[in-house]
Amino acid sequence: MILRSWLFVPGDSERKLAKAVDVSADAVILDLEDSVLAERRDAARELVTEFINSGSAGSDCWVRVNPLESADVHADLRMLGNVIPCGVMLPKASGPAQVATLRDALVGVWGPDASPRIVAIATETPAGVFAMGEYGRQQPAGLAGLTWGAEDLAAELGVLANRDSAGHWTAPFQLARSLCLMAARHAGVEPIDTLFADFRDSDGLRESCALARRDGFSGKLAIHPDQVAIINEQFTPGSDELDHAQRVVQAFADNPGVGALNLDGKMVDRPHLLQAQRVLALAARLEGR
């Protein structure tokens, strides 16, 4: 599953749903949770059902349901009995047990042969942050990715701000971000970086994407269609990166049995080879989309 851009679309907006058809997002997340007022959720479920069944979405189509502790999730699951999206996003996940619970519920509505894919937003509560290490240990069936959220966690913690005066994440949010990345890699699923809230700040988004990809994230959430192209660009290996990766792979191929060698005056070893192979594999998979 190589999905670079994950665009949230409010499920109750016909205009935004229609616009999502023409956006080049790798995944469209039809939202039934935070972007939809409680009194609009029944209407959102009807619109989302029509949208998925129309087959008009050109991207992987996911649905963000409401938290498992909420009353709304039962209506969400009834709706999912009428449609089968590419996957389901679980907000405010408190740990892998909730992923297992949601998977069982989806199998219940889709049938025993179903193979649900679930992305958990895993850091929106303190309990979720403390449970991050369990995803790798338990590896719940159906888990396809982990992402993290800063706004709900900020409300839970009662912080005055989640970024410092220079725009960098403060310590609690750096911790949540890092744990999400490590938990996803430990579990063998995709780590997806959180959204960049200021959709008018293209330069800021570009820097945020570059830092996320540098650190090991495979994609990023988006809240506006204008963010999608930048995210896709930043999470696609560039020509210089591909050239370097090819040269690393070729250098080891030319020197079989060598654990470390000199390339352009720098020592490279097996971890560099593995990273180069990962870059080339990513480029090949994106080219073959």
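### A look at unusual backbone geometry
Part 1 of the reasoning: The phi torsion at Lys92 lies on the positive side, around 50°, for a residue other than glycine.
Part 2 of the reasoning: Relative to the assigned elements, Lys92 resides in the loop between β4 (87–90) and α4 (96–110).
Part 3 of the reasoning: Backbone geometry places Gln139, a non-glycine residue, at a positive phi of 45°.
Part 4 of the reasoning: Note that Gln139 resides in the loop between α6 (132–138) and β6 (143–147).

### Structural notes on the sheet that holds strand β2 (residues 27–31)
Part 1 of the reasoning: Pairing within the closed barrel is parallel, and its eight strands lie in the order β1-β2-β3-β4-β5-β6-β7-β8. When the angles between neighbouring strand axes are averaged without regard to direction, this sheet yields 25°.
Part 2 of the reasoning: Bridge analysis of β6 against strand β7 (residues 190–193) gives three bridges, and the strand direction is parallel. Bridge pairing in β7 links Leu146 to Pro191.

### Description of the packing of helix α11 (residues 239–254) against helix α12 (residues 270–287)
Part 1 of the reasoning: In contact at an axis separation of 9 Å, α11 and α12 are set at 130° when each is read in the N-to-C sense. One element, α11, and the other, α12, form an angle in the oblique class. Considering how the two elements wind past one another, α11 and α12 form a crossing that is left-handed. Packed against α11, whose contacting residues are Glu241, Leu242, Ala245, Gln246, Val248, Val249 and Phe252, the element α12 presents Arg270, His272, Leu273, Ala276, Gln277, Val279, Leu280 and Ala283 at the interface.
Part 2 of the reasoning: Considered class by class, the residues forming the contact of α11 with α12 number ten nonpolar, three polar and two charged.

### With respect to the packing of aromatic side chains
Part 1 of the reasoning: Scanning all chains against the criterion turns up three aromatic pairs.
Part 2 of the reasoning: Between Trp148 and Trp169, the ring centres sit 5.0 Å apart and the planes meet at 70°, which makes this aromatic pair edge-to-face. Residue Trp148 is located in the loop between β6 and α7 (151–157), and its partner Trp169 is located in the loop between α7 and α8 (171–187); the two are separated by 21 residues in the primary sequence. Across the pair, Trp169 and Trp148 agree in class, each one buried.
Part 3 of the reasoning: In textbook terms, an aromatic cluster arises when at least three aromatic residues are bridged by ring pairs, as seen for Trp148, Trp169 and Phe173.

Criteria and cut-off values
Each chain has its residues counted from 1, following the order in which its sequence is written. Restriction of local features to residues with pLDDT of at least 70 applies here, the model being predicted, together with a cutoff of 80 or more for giving and counting side-chain atom pairs; totals for whole chains, interfaces and linings are based on all residues. Computation of side-chain values: all heavy atoms of the structure, hydrogens and water removed. Helix numbering and strand numbering both begin at the N terminus, where a helix is a DSSP run of H or I of at least 4 residues and a strand a DSSP run of E of at least 2. DSSP calls a pair of strands paired once it identifies at least 2 bridges connecting them. Axis lines are fitted to C-alpha atoms, over the contacting stretch for helices. Their N-to-C directions set the angle, which ranges from 0 to 180 degrees. Throughout this description, any angle smaller than 35 degrees is read as roughly parallel, any larger than 145 degrees as roughly antiparallel, any in the 65 to 115 degree range as roughly perpendicular, and the remainder as oblique. Crossings are sorted by hand: turned counterclockwise from the far helix by less than a right angle, the near helix makes the crossing left-handed, and turned clockwise it makes it right-handed. By definition in these notes, contact holds between two residues if any of their heavy atoms fall within 4.5 Å. Three classes are used: nonpolar for Ala, Val, Leu, Ile, Met, Phe, Trp, Tyr, Cys and Pro, charged for Asp, Glu, Lys and Arg, and polar for all others, with Gly counted as polar. To pair, rings of Phe, Tyr and Trp, with the six-membered ring standing in for Trp, must have centres within 6.5 Å; the planes then decide the type, stacked if under 30 degrees apart, edge-to-face if over 60, and tilted in the middle. With a 1.4 Å probe rolled over the protein chains alone, any residue whose accessible area is under 20% of its type maximum counts as buried; one over 50% counts as exposed, and the rest are partly exposed.

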